[in-house]
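Structural description and commentary
These are the residues of each chain, in order.
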Amino acid sequence: MKRQEPMKIKYISEFGLIKRVNNKVPALKNAVLGIGDDCAVINYTKNKYLLSTMDMLIEGVHFDLRKFGAFKVGRKALAVSLSDIAAMGGIPKYCLISLGVPEDMPVKVVDDFYAGFLKLAKEYGVELVGGDTNRSDKLICDVCVIGEVKKENLVLRSEAKIGDIIFITGCLGGSIYGKHLDFTPRLMEAKILTKNFRINSMIDISDGLAGDLKRILEESKVGAVIAQEKIPLSKYALNCDSALYDGEDYELLFTASEKEARKVVENFKKFSGTRLTPIGKIMPKKFGFRVIEKDTNRVVPVEKKGFEHF
Ligand code: ADP
Ligand code: MG
């Protein structure tokens, strides 16, 4: 009898794997929100929740040390998690870092890595409070950031409403040719948005606009239409598809009711010079997720996926 091949990870995809884990996790008793958003949300004080998020970077998968330099990699290792705290409307407070290091790696590389990491931590008032160290074949870093958010400022992926206007901060596309190493986590913008406006849903764009908007749509059980023409392209973007499908932009994608969106457009610029652009609208779930193509004006389903590890 022919032995059946075991089901492999690559066939169930990154999100299939996370879903599989989530299905096995018992219902939460003390945490407010577990797997499924940019951060976990945990009861904390009367007025605040605790936020926590983890992100891992692996040499050869996420970065090339010789090309990028350890300082920038260290900075990015923290910046990606700060971006997740921003996506919940929170403020980062503490971090921990686990390192896997090759034994013949020059000490200077690790020193440079920490110089980049700690410089950014200082800029945002984040305290490094621990971690773990192991030997590994390649440099691996896994960073946990703990933050807090006023209960009224918490924004989830799951609260987008039909009729909401969809916004993005900054410009998108081609991040891999530059921006992904020194992007500014949008903590200031998130703070302004959540303090002054009613934001219904938010995510940071790490895996591409199309893929990450899809996560808001799935969690909120709605559809959407976006106009390709309206999406501001980064100077690195190769074409307008770059803005939809390239990863690592680390901009914010958020939605607000039409009335609130008007206030955002009128007033956000009083607080910050960061570009904010309305790019589409939340639709009923049965509409699906469609894009108005730039050149043809055709309204077509968004089929391609964002970045997944497998
Ligand atoms: P982000 O891109 O915002 O960092 P991810 O796509 O990495 O988010 O993760 C989506 C959700 O799945 C998050 O809530 C994250 O904590 C959770 N998650 C990811 N990987 C695992 C895992 N191996 N086990 C448990 N939860 C996970
Ligand atoms: Mg995120």
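Relevant structure appears above.
This text gives an overview of the structure that appears in the document. (Residues numbered from 1 in each chain as written. Chains lettered and ligands numbered in written order. Predicted model: local features only at pLDDT ≥ 70, side-chain atom pairs only at ≥ 80, totals over all residues. Heavy atoms only, no water.)

1. Quick look at the site of ligand 1
We apply this condition: Being near a molecule or strand, for a residue, means having at least one of its heavy atoms within 4 Å of it. Counting of polar contacts relies on pairs of N or O atoms within 3.5 Å, with two restrictions inside protein: one atom must be capable of donating a hydrogen and the other of accepting it, and residues adjacent in sequence are counted only when both atoms are side-chain atoms. Only the protein chains shown count as cover for residues, and the accessible areas themselves come from Shrake-Rupley with a 1.4 Å probe.
All residues in the neighbourhood of ligand 1 are listed as Phe15, Ile18, Val21, Ile35, Gly36, Asp37, Asp38, Asp55, Asp84, Arg157, Ser206 and Arg215. Asp84 places a side-chain nitrogen or oxygen 3.0 Å from an oxygen atom of ligand 1. Between ligand 1 and the protein, one listed contact pairs an oxygen atom with a side-chain N or O atom of Arg157 at 3.1 Å. Expressed as a share of its isolated accessible area of 560 Å², the protein-covered part of ligand 1 is 64%.

2. Observations concerning helix H4 (residues 107-123)
It helps to recall that an α-helix has 3.6 residues per turn; residues three or four apart then point in one direction. The test is simple: For helices the rule is a DSSP run of H or I covering at least 4 residues; for strands it is a run of E covering at least 2, with both sets numbered from the N terminus onward. Expected span of a helix: the number of residues minus one, times 1.5 Å.
Between the first and last C-alpha of H4 there are 25 Å, a value that for 17 residues agrees with the 24 Å anticipated at 1.5 Å per step. In the stretch just after H4, Gly125 is the one whose phi turns positive, near 65 degrees.

3. Thoughts on the nonpolar core
Heads up, the rule is: Residues belong to one nonpolar core when they are buried, are Ala, Val, Leu, Ile, Met, Phe, Trp, Tyr or Cys, and are joined through side-chain atoms within 4.5 Å. Residue burial is assigned from relative accessible area. The probe radius is 1.4 Å, only protein chains are included, and a residue is buried under 20% of its type maximum, exposed over 50%, and partly exposed in between. Domains are outlined according to an automatic or database domain assignment. Contacts are residue-level and defined by heavy atoms, with any inter-residue pair within 4.5 Å sufficient.
The biggest cluster of nonpolar side chains holds 56 residues, and the ones touching the most others in it are Leu65, Leu78, Phe113, Phe117, Leu139 and Leu193. Ranked by the residues each element gives to this core, the list is headed by helix H3 (residues 70-87), at 10 residues. Two domains each donate at least three residues to this core, and these are domain 1 (25-152) and domain 2 (156-301). Here Leu78 is in contact with Cys95, Phe117, Leu120, Ala121, Val143 and Val145, once residues within four sequence places are set aside. Counting residues in hydrophobic clusters, the runner-up holds 25 residues, among them Ile166, Val222, Ala243 and Val291.

4. Here we look at the pattern of salt bridges
Side-chain pairs of opposite charge can arise where the charged atoms are in close proximity. Note the threshold: Basic side-chain nitrogens of Lys or Arg form a salt bridge, by our definition, when they fall within 4 Å of a carboxyl oxygen of Asp or Glu.
Overall, the coordinates contain 18 salt bridges when judged by the stated rule. We note a salt bridge from Glu5 to Lys8, for which the minimum N-O separation is 2.6 Å. The class of Glu5 is exposed, set by a relative accessible area of 53%. Ionic pairing is found between Lys76 and Glu248, a salt bridge with its closest N-O pair at 2.3 Å. Of this pair, Lys76 sits in helix H3 while Glu248 sits in the loop between helix H7 (240-245) and strand E10 (252-256); the two residues are 172 residues apart in sequence, bridging distant segments of the chain. Of the two residues, Lys76 and Glu248, neither departs from the other in class, the shared state being buried. Shared partners join several salt bridges into a network, and the residues in it are Lys179, Arg186, Glu189, Asp249 and Glu251.

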